[in-house]
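Analysis of the macromolecular model
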Amino acid sequence: MVLTQLVQKETRQTMRFDLEELNQRMHDAHPRDILQWCIDHIPNGLVQSTAFGTGGLVIMDILYRDLKPETPVPVLFLDTLHHFKETIELVEKAKSTYNLDLRIYGAVDASNRENFAEIYGSNLWESNIERFHELTKVEPLKRGMEELGATAWLTGRRRDQAVTRTEMKIFEMDSMNRLKVNPMANWSKKETWKYIISRGVNYNPLLDQGYGSIGDEPLTTRVGVGEEERAGRWRGSQKTECGMHG
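Residues numbered from 1 in each chain as written. Predicted model: local features only at pLDDT ≥ 70, side-chain atom pairs only at ≥ 80, totals over all residues. Heavy atoms only, no water.

Moving on, we come to the pattern of salt bridges. Across all of its chains, the model carries 11 salt bridges by this definition. Here D61 makes a salt bridge to R199, at a shortest N to O gap of 3.2 Å. Highlighted residues: D61 in helix 3 (residues 54-67) and R199 in helix 8 (residues 189-199), separated in sequence by 138 residues. Between R158 and D160 there is a salt bridge, and its shortest N-O distance comes to 2.8 Å. A residue is classified by how much of its surface remains accessible, and R158, at 0% relative accessible area, is buried. (Salt bridge = Lys/Arg side-chain N within 4 Å of Asp/Glu carboxyl O. Helix = DSSP H or I, 4+ residues; strand = E, 2+ residues; numbered from the N terminus. Buried < 20%, exposed > 50% of the residue type's maximum accessible area, 1.4 Å probe, protein only.)

We now examine the packing of aromatic side chains. Counted according to the given criterion, the structure contains nine aromatic pairs. Aromatic side chains W193 and Y203 sit 4.8 Å apart centroid to centroid with 85° between the ring planes, which places their arrangement in the edge-to-face category. A residue pair is termed long-range when its members are at least 10 positions apart, and W193 in helix 8 and Y203 in the segment after helix 8 qualify at 10 residues. Taken together, the aromatic side chains of F116, Y120, W125 and F132 make up a single cluster linked through ring pairs. (Phe/Tyr/Trp six-rings, centres within 6.5 Å; stacked < 30°, edge-to-face > 60°.)

Let us now look at the packing of helix 2 (residues 31-41) against helix 3. At their nearest, the axes of helix 2 and helix 3 sit 10 Å apart, and the two run at 65° to each other. One finds that helix 2 runs roughly perpendicular with respect to helix 3. For the element pair helix 2 and helix 3, the recorded crossing hand is right-handed. Across from P31, R32, L35, Q36 and I39 in helix 2, the residues of helix 3 making contact are I59, I62, L63, D66 and L67. Within the contact of helix 2 with helix 3, the residues separate by chemical class into seven nonpolar, one polar and two charged. (Axes fitted to C-alpha atoms, helices over the stretch in contact; angles between N-to-C directions. Parallel < 35°, antiparallel > 145°, perpendicular 65-115°, else oblique. Left-handed = near helix turned anticlockwise from the far one by under 90°. Contact = heavy atoms within 4.5 Å. Nonpolar A, V, L, I, M, F, W, Y, C, P; charged D, E, K, R; others polar.)

Within the open sheet, the six strands sit side by side as 5-4-3-6-8-7. Their pairing is mixed. The strands lining the two open edges of the sheet, one partner per strand, are strand 5 (102-105) and strand 7 (171-173). Mean inter-strand twist for the sheet, computed between neighbouring axes without regard to direction, equals 30°. Alignment of strand 4 (residues 75-78) against strand 5, held across four bridges, turns out to be parallel. (Pairing = 2+ DSSP bridges.)

Structurally, the position occupied by T155 is in the loop between strand 6 (152-154) and strand 7. Engagement of the side chain of T155 in a polar contact is seen with the backbone nitrogen of R157, the distance being 3.3 Å. (Polar contact = N/O pair within 3.5 Å; in protein donor to acceptor, adjacent residues only side chain to side chain.)

Counting through the fold element by element, T50 comes out in the loop between strand 3 (46-49) and helix 3. Classification of T50 by relative accessible area gives buried; the value is 8%. Reaching out from T50, the side chain makes a polar contact with the backbone nitrogen of F52 at a distance of 2.8 Å. Sequence-distant contacts of T50, defined by excluding residues within four places in its chain, comprise G56, M60, V75, L76 and F77.

Here it is as structure tokens:
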């Protein structure tokens, strides 16, 4: 039996969860049921981290349009300064649509792409991609979680996105001993798109232009027929994750 403890800073209340039991019970659960469990059992410290991909948008729609918790779940977005303009436009549209409690974090000493290049050199992602992701994603995520008092966070990852995610659990612990919840884990790409279309959820128009997964503009390419959804990320390298998820 794997138990995890979450300490709610505001209430000083310690909650214990059996991860194995939770994962078994929620194995085939609808994302809405998983999110409802989170709202019921983690009244403080729950945060959604998203790059406004399809999974994150489904979670956002369920939280803000269906479940509507008394205290809105903060939505943490990492502005890497290297997003496609379509991504930034989608962020603004979603913020307006749902009246999001949007929290934006990024590199501490750069305000735009040009400024970032002046400080760290042009095309840092080519010379040192680990450093690039540390500055634009890993450190800002850590700082954001700490400032928001996060004890648990939601991601939009799915098992069918890549072979590296096929064994992903719905409930897991991250490296900082926070509960990490993947409500979309057992949904397929087809189910995700069915929800988005049927509910009229706004999504990134680049997904209609051959892109399977949208990351930083310099590191994202279109995917070919038969390729994995995330094959266009870090094309030509062995990299499969940016450091946020391992």
